[in-house]
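A structural walkthrough
One-letter residues, chain by chain:
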There are 4 protein chains.
Amino acid sequence: MSFNTYGHIFRVTTWGESHGPALGCTVDGVPPGIPLAENDIQPWLDRRKPGQNKFTTQRKEPDEVRILSGVFEGVTTGTPIQLMIENTDQRSKDYGDIAQAFRPGHADITYHQKYGIRDYRGGGRSSARETAARVAAGGVARKVLESLAPSVRISGYMVQMGAKGIDRARFDAGAIDQNPFWCPDATAATEWAAYLDELRLSHNSVGAVIEVAATGVPAGLGAPLYAKLDSDLAAAMMSINAVKAVEIGDGMAAAALTGVENADEIRMGPNGPEFLSNHAGGILGGISTGQPVICRFAVKPTSSILTPRQTINTKGEELDLITKGRHDPCVGIRAVPVGEAMMAAVIVDHLLLDRAHTGGVRGRIG
Amino acid sequence: MSFNTYGHIFRVTTWGESHGPALGCTVDGVPPGIPLAENDIQPWLDRRKPGQNKFTTQRKEPDEVRILSGVFEGVTTGTPIQLMIENTDQRSKDYGDIAQAFRPGHADITYHQKYGIRDYRGGGRSSARETAARVAAGGVARKVLESLAPSVRISGYMVQMGAKGIDRARFDAGAIDQNPFWCPDATAATEWAAYLDELRLSHNSVGAVIEVAATGVPAGLGAPLYAKLDSDLAAAMMSINAVKAVEIGDGMAAAALTGVENADEIRMGPNGPEFLSNHAGGILGGISTGQPVICRFAVKPTSSILTPRQTINTKGEELDLITKGRHDPCVGIRAVPVGEAMMAAVIVDHLLLDRAHTGGVRGRIG
Amino acid sequence: MSFNTYGHIFRVTTWGESHGPALGCTVDGVPPGIPLAENDIQPWLDRRKPGQNKFTTQRKEPDEVRILSGVFEGVTTGTPIQLMIENTDQRSKDYGDIAQAFRPGHADITYHQKYGIRDYRGGGRSSARETAARVAAGGVARKVLESLAPSVRISGYMVQMGAKGIDRARFDAGAIDQNPFWCPDATAATEWAAYLDELRLSHNSVGAVIEVAATGVPAGLGAPLYAKLDSDLAAAMMSINAVKAVEIGDGMAAAALTGVENADEIRMGPNGPEFLSNHAGGILGGISTGQPVICRFAVKPTSSILTPRQTINTKGEELDLITKGRHDPCVGIRAVPVGEAMMAAVIVDHLLLDRAHTGGVRGRIG
Amino acid sequence: MSFNTYGHIFRVTTWGESHGPALGCTVDGVPPGIPLAENDIQPWLDRRKPGQNKFTTQRKEPDEVRILSGVFEGVTTGTPIQLMIENTDQRSKDYGDIAQAFRPGHADITYHQKYGIRDYRGGGRSSARETAARVAAGGVARKVLESLAPSVRISGYMVQMGAKGIDRARFDAGAIDQNPFWCPDATAATEWAAYLDELRLSHNSVGAVIEVAATGVPAGLGAPLYAKLDSDLAAAMMSINAVKAVEIGDGMAAAALTGVENADEIRMGPNGPEFLSNHAGGILGGISTGQPVICRFAVKPTSSILTPRQTINTKGEELDLITKGRHDPCVGIRAVPVGEAMMAAVIVDHLLLDRAHTGGVRGRIG
């Protein structure tokens, strides 16, 4: 990964600020011959789009994606795909009072210190708006998966809001799209709605934990030691705004297990090896096992809140700051499609990297 | 990061297997003129070295590092530094019975599936022995820090073994070197010793959580969006064998906080901005704030245990496997100096990357 | 360099096809605080622009560049700069007859073989039109040089058209802008005009040699061994469409020299070392000496000619093909600003890379 | 390419100095299952080895390569291959008088200026001795080609020494190994021997042009626009010590051709497209055509000569310098196996990159 690019072969370079004329990304390394059109990408952007309900920012961005290059007569040509999303709802005036002051929890102060200049309008480059470009790239990745590894299914959902986790016994994949939180536990979703309403009205916000599961991932993806599948996933998820932790499989809880408990025992099934459990989250030694790849990440609470917080400005003066504007009380909600997109991009990248390195040949068992 | 290389400018390429003639790394991008000798690196290797007490593997590897290039008359020349550690205690016979069988929790099965061949002796490339090369590279990184950012101090320690965490109220930096667990809580260390003895005698093992803190890190290191300091730390730590999760600052716990709680409020101190708390772990928007950079990672329990576990072999036959050999009951212990080394490498890398991008100039406050 | 990206720190990713809606590039790694506006870039594009005289293609592309990101209040912010040029004069119908046939000398056949699909309109991605993006990026590079190394001057010019070289004794920098060939020898330029007219009327084309000189380049840029300044220049120039050779300093002629002749002897001048000659082209061991950096490259004749040439089509049928359309009889002419742009980008990249590696400190002499 | 690494997927990192304990390289990205042993590599090193006749340096380096990792039971495992060559004939005393003085034509002055320190013994890192590591890596690349693209044949030879070119009409591949110059024209070789004797006795040296031809390269290798096969070859060859120019196909001579002459016309042969000429050197639009890939490079004369040349030392004092020691009168001779090695590495790298991007599928013709 370099400054604004991720991926080894399937390489995504994002660009753009919250309040500039447009933002987008170049997706390079896409295999030729993949069917692709704007309407393959738009639905994923629509999932991430703000303004859909009272729990996400009321900014009204249509977030319409345009393909500017790399597709000809409906299929990819193997050349770079440029995706552009114009910024249409730029109410810059909302941000005037933070031009000189540093919002606590935001990148304002670090951008200022590092660069000496920052586009303060809506966070500029550090705005969560950048994740629209990730989601667009994820849409391309999903189309590649359809062609190259159609068994792969990627699903993200929220498993914890604030201190309130879901009940895994009530996990219902069908519920995920039925509530504003992408929550697989309908009962929890109802509680969260009330909880979040309360937080919003009290000028507060809250964090969340997102889980992204990829099933049908073939065994053999990932590469020791510094291009491990889990290492790349960790980098990808941690690069999302507001993410503070990444877990694979049992994650932090693995620390509390014994070796006897943690061993994912192996039996021989009709189609090859089968594991009796999945503490590993589908990855051993950095390489996929064929089990579901399970990744979770924690999103901190929205830093933009209407409760005044102590801070300073560029002159070094101390002040109390309320962050006005239209902000999500739980940015974790919109991080769900972003996490899915990053998972899709990392898996495609490793599919391509693997066929470079091994040609896709696999060691036999049985 | 590519297959066996990490870093943007300070680039480390590791090589070698557990039971080959040697292992090591090439450290490229080291600035010229840095004093460096074997005895700057050896002490860090000695910290990681197995066989030091009953809680780590009884393999007796002297782990003596040799500098083969890149240093002339006691200082670095700016050319690649080759560090080689010869493998001397190679009791390959211990591993004969796992040549065809896949140890649960190990990379045996995934290496076999991906590559069709694997060096089964001691795990080959997937052995924790590779981390010796990381620690050696970390020794070089620390010398660079001494010259370029002498304020930086890096300290790793274990904060949880199995389900037993330390009591932060008893945190004593002086205790870290006084027990076999690099534990900053002397009381906890005593409990852990008894606990681990019990586990070892019952042919079991356990996981751990390691924390690495870097103080004195200048503000402004890291780069949005895909070379964020936290993103690179996540990749670096997740690439260590057996690591299943990485946290920055409050990590997973950030999900349970509200925005009011999570805001690290800012005041003006005599030497510039001061934060009233450090939920962020010293990183905002991927860029260091000047506060301590705090990173934690969870290490799963040692998979090599003497308790039989169900598995299969390359023929697809099912069997029960005991992993004989000389294994750490808690690999987390030896992960402490490894985590420190990765932190040092990432910080140096970002120091160099930052002076490329900004020339080291900083935006003024006050 | 990866598929569509060049540079280590100053990284340029180009995208777009000849007849798509737009093309452009993302320029990443630009230091913050550099003054930049569209009108800093546009003049360089205007130099490259087709349709300026009868010796270049009569396509009328205004080639207006828009900055979509990375600049705020007139200066760069350190975030990626997106430059977009809309394609306005897309007469796709001209290209209908080459949709299935492979134009000799063009990438038609290799794109078809590699990708199975190609955007045949105007060469698609392989069109010389892509070089507009390079020139735009070069405009950014020049602005960075103005701030970081204001002594650097970059000048490109044509030193040979077909078999007709300039007379170095008549070299006049002032003449370069005074003729349609960027030729520093006014007499040669007059001859070339007649020669090229004749070629054009006989439905033929011709090659050229371009020289790019950079003066004022500080000593110490470049890095052994695979990021040598000359190695990066060679890659950069060879990546330009139709380029078949790259020379540094005496280039191919160095083969015919003896060691006594070739030694650039060194004397001590008032401001440091001075060389009595510059056979090396300003680069020793991959690192700049402080002398002018001299790079030449050969451009093959335009492959699109009105003289029928034998070829085949995708069905394997043999045919004779005339390449209609509006083509330069000597593409070398428009390669001049492209070569300058690549030189500027490579030098800026090495300035940044050098300050990463050495901090810009220099060994003393005297 | 980064400081000391080249390649996208097949990545070679070289390390070591002329007079350090050892030098070598890490070859990463090698596919698993490739048969490999020291004696697959040693013959190529023996071809490059000094001291074989009076026309190459009389240093007696056995240049014995050891494989330290990445190979198990005779085949590659997909993990990094470490190749080490110990330096045994280190007569450092020969170099004492150049510790402070800068040899004209050498990297002494630029290393000093850039790094402030240099290993002056034998040129240190800038010694042609580094090319031994390249040749070793090339041996690995050739073994990969044997498995993945057995049709590929790579042959290097000298086509010009000083001003004396071969007569292409006398080209005899069988002659190449029969003279000390790898010259395909036996008559020229005889003349060259006398010429070089004379130069050597008069304390002089001379340059050369090397051609490397790769036949049997499948169509479709290379990738627009900045990973073009020719762009990567240019970088690879220009990174070799003393190389000043790189040509593909007709190279510089392409400038003098007309479009009618330069068109490599295409006919349909029994096995697919056939070209009637190969001005392009087997590459169109950066992608291989299936024709022989032809690359030439010019090597400047050996800078280490016994004729005194004017120079300065670190104190800025002017002096006349004779470079004693054991030096090749024409370093171009030993560049032949180096050029072959770089060609092999670049082709393997692009084979792997291509199967990542396209899966090796090819567009049909006919």
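Here the structure is a predicted model, which is why all the values come from computation and not from measurement.

Let us look at the overall build of chain A. If you tally the helices and strands in chain A, you get seven helices and 18 strands. In terms of overall size, chain A behaves like a compact globule, its C-alpha atoms giving a radius of gyration of 21 Å where 366 residues would be expected to give roughly 21 Å. Based on the C-alpha atoms only, the size of chain A along its principal axes is roughly 70 × 50 × 35 Å. Each of the 366 residues in chain A was classed as buried or not, and the buried ones make up 70%.

Attention now goes to the relation of the copies chain B and chain A. At an RMSD of 0.0 Å, chain B and chain A line up after a rotation of 180° and a shift of 0.0 Å along the axis. Considering both components of the superposition, the chain copies are consistent with a two-fold axis. By C-alpha distance to the rotation axis, the residue of chain B lying nearest is A235 of chain B, at 2.4 Å. Looking at chain B, 100% of its interface residues are interface residues in chain A too, so the copies touch through the same face.

On the chain C side, the residues contacting the 40 residues of chain A number 40 residues. Here chain A packs against chain C, burying approximately 3,100 Å² in sum over the two surfaces, 66% of which is carbon and sulfur. Together, W15, F72 and I117 of chain A form the three largest contributors to the area buried by chain A at its contact with chain C, with a combined 19%. Between chain A and chain C we count zero salt bridges in total. Summed over the shared surface of chain A and chain C, the number is six residue pairs in polar contact (both at pLDDT 80 or more). Mapped onto the side of chain A that touches chain C, the elements with two or more residues apiece are strand 2 (11–16), strand 3 (22–28), strand 4 (65–67), strand 6 (75–76), strand 7 (81–86) and helix 2 (108–115) of chain A. Residue contributions to the side of chain A that touches chain C peak at five residues, all from strand 2 of chain A. The residue makeup of the side of chain A that touches chain C, split by class, is 16 nonpolar, 15 polar and nine charged.

Attention now moves to the interface of chain B and chain A. With 115 residues of chain B at the contact, the number on the chain A side is 115 residues. Contact between chain B and chain A buries roughly 9,200 Å² in total, counting both sides, with carbon and sulfur atoms accounting for 60%. The largest contributions to the chain B side of the interface with chain A come from F3, K114 and Y226 of chain B, which together make up 10% of the buried area. Among the salt bridges present, the one from E265 of chain A reaches R309 of chain B, with a minimum N-O distance of 3.7 Å. Viewed at the interface, chain A and chain B are joined by 61 residue pairs in polar contact (both at pLDDT 80 or more). With seven residues, the top contributor of residues to the side of chain B that touches chain A is helix 2 (residues 108–115) of chain B. Its residues assigned to classes, the side of chain B that touches chain A comprises 55 nonpolar, 41 polar and 19 charged. Pairing analysis gives three bridges linking strand 11 (residues 243–248) of chain A to strand 11 (residues 243–248) of chain B, with the strands arranged antiparallel.

It is worth spelling out the relation of the copies chain A and chain C at this point. Each copy of the sequence occupies a distinct position, and chain A is placed on chain C by a rotation of 180° and an axial shift of 0.0 Å, giving an RMSD of 0.0 Å. When the interface residues of chain A are mapped onto chain C, 100% of them are again interface residues, pointing to one common binding face.

A word on the packing of helix 5 (residues 229–238) of chain A against helix 7 (residues 332–357) of chain A. Residue and element names in this part refer to chain A. Between helix 5 and helix 7, whose axes approach to 10 Å, the crossing angle comes to 145°. As helix 5 packs across helix 7, the resulting crossing turns out to be right-handed. Seen from helix 5, the contacting residues are L229, D232, L233, A236 and M237; seen from helix 7, they are G339, M342, M343, V346 and H350.

Most of helix 2 (residues 108–115) of chain D sits out of view: eight of its eight residues are buried. Within helix 2 of chain D, the full set of buried residues consists of D108, I109, T110, Y111, H112, Q113, K114 and Y115 of chain D. Looking at the buried positions of helix 2 of chain D, the neighbouring elements they touch are strand 12 (266–269), strand 13 (272–275), strand 14 (283–284), strand 15 (287–288) and helix 7 (332–357) of chain C together with strand 17 (309–312) of chain D.

What follows covers the sheet that holds strand 4 of chain A. Residue and element names in this part refer to chain A. Strand order in the open sheet formed by five strands is 1-2-3-7-4, with antiparallel pairing between adjacent strands. Strands with a single pairing partner mark the edges of an open sheet, and in this sheet they are strand 1 (5–6) and strand 4. Relative to strand 2, strand 1 is paired through two bridges, and the arrangement is antiparallel. By the bridge assignment for strand 2, Y6 is matched with V12. On top of the sheet, helix 3 (residues 131–148) reaches strand 1, strand 2, strand 3 and strand 7; it is set at about 35° to strand 3, its chief contact.

Once that is clear, we can look at the pairing of strand 3 of chain A. Residues and elements named next belong to chain A. Within strand 3, seven of the seven residues are buried, which leaves it mostly tucked inside the rest of the structure. By the alternation rule, side chains of strand 3 split into A22, G24, T26 and D28 and L23, C25 and V27, which are all buried. In this structure, strand 2 lies alongside strand 3, joined through six bridges in antiparallel fashion. Residue pairing in the sheet places T14 in a bridge with C25 of strand 3. Remark: five residues form the turn of the hairpin made by strand 2 and strand 3, two consecutive strands paired antiparallel. The pairing of strand 3 with strand 7 spans six bridges and is classified as antiparallel. In the sheet register, V27 faces strand 7, and the bridge partner there is I81.

Residue and element names in this part refer to chain A. Across the six residues that make up strand 11, a large majority, six, are buried. Relative to strand 16 (residues 293–299), strand 11 is paired through five bridges, and the arrangement is antiparallel. Of the residues in strand 16, the one forming a bridge with V243 is V299.

Attention now moves to the packing of aromatic side chains. Inspection of the entire model under this criterion finds 20 aromatic pairs over all chains. Centroid distance Y111 of chain B to Y115 of chain B: 5.6 Å. Interplanar angle 65°. Geometry classified as edge-to-face. Taken as a pair, Y111 of chain B and Y115 of chain B lie in helix 2 at a separation of four residues, close to a single helical turn. Residue classification places Y115 of chain B among the buried residues on the basis of a relative accessible area of 6%. Over the face of the ring belonging to W182 of chain A we find R47 of chain A, whose NZ or CZ atom lies 4.1 Å from the ring centre. The ring centre of Y195 of chain D lies 4.8 Å from the NZ or CZ of K164 of chain D, which sits over that ring.

Moving on, we come to helix 2 (residues 108–115) of chain C. In an α-helix, one turn spans 3.6 residues; hence positions three or four apart end up facing the same way. Buried positions along helix 2 of chain C lie against strand 17 (309–312) of chain C together with strand 12 (266–269), strand 13 (272–275), strand 14 (283–284), strand 15 (287–288) and helix 7 (332–357) of chain D. Just downstream of helix 2 of chain C, G116 of chain C is the residue with a positive phi angle, here 75°.

The rules we used
- Residues numbered from 1 in each chain as written.
- Chains lettered and ligands numbered in written order.
- Predicted model: local features only at pLDDT ≥ 70, side-chain atom pairs only at ≥ 80, totals over all residues.
- Heavy atoms only, no water.
- Helix = DSSP H or I, 4+ residues; strand = E, 2+ residues; numbered from the N terminus.
- Rg over C-alpha atoms; globule rule 2.2 N^0.38 Å.
- Buried < 20%, exposed > 50% of the residue type's maximum accessible area, 1.4 Å probe, protein only.
- Least-squares fit on C-alpha atoms with pLDDT ≥ 70 in both.
- Contact = heavy atoms within 4.5 Å.
- Buried area = accessible area lost by both parts, 1.4 Å probe.
- Salt bridge = Lys/Arg side-chain N within 4 Å of Asp/Glu carboxyl O.
- Polar contact = N/O pair within 3.5 Å; in protein donor to acceptor, adjacent residues only side chain to side chain.
- Nonpolar A, V, L, I, M, F, W, Y, C, P; charged D, E, K, R; others polar.
- Pairing = 2+ DSSP bridges.
- Axes fitted to C-alpha atoms, helices over the stretch in contact; angles between N-to-C directions.
- Left-handed = near helix turned anticlockwise from the far one by under 90°.
- Phe/Tyr/Trp six-rings, centres within 6.5 Å; stacked < 30°, edge-to-face > 60°.
- Lys NZ or Arg CZ within 6 Å of the ring centre and 35° of its normal.

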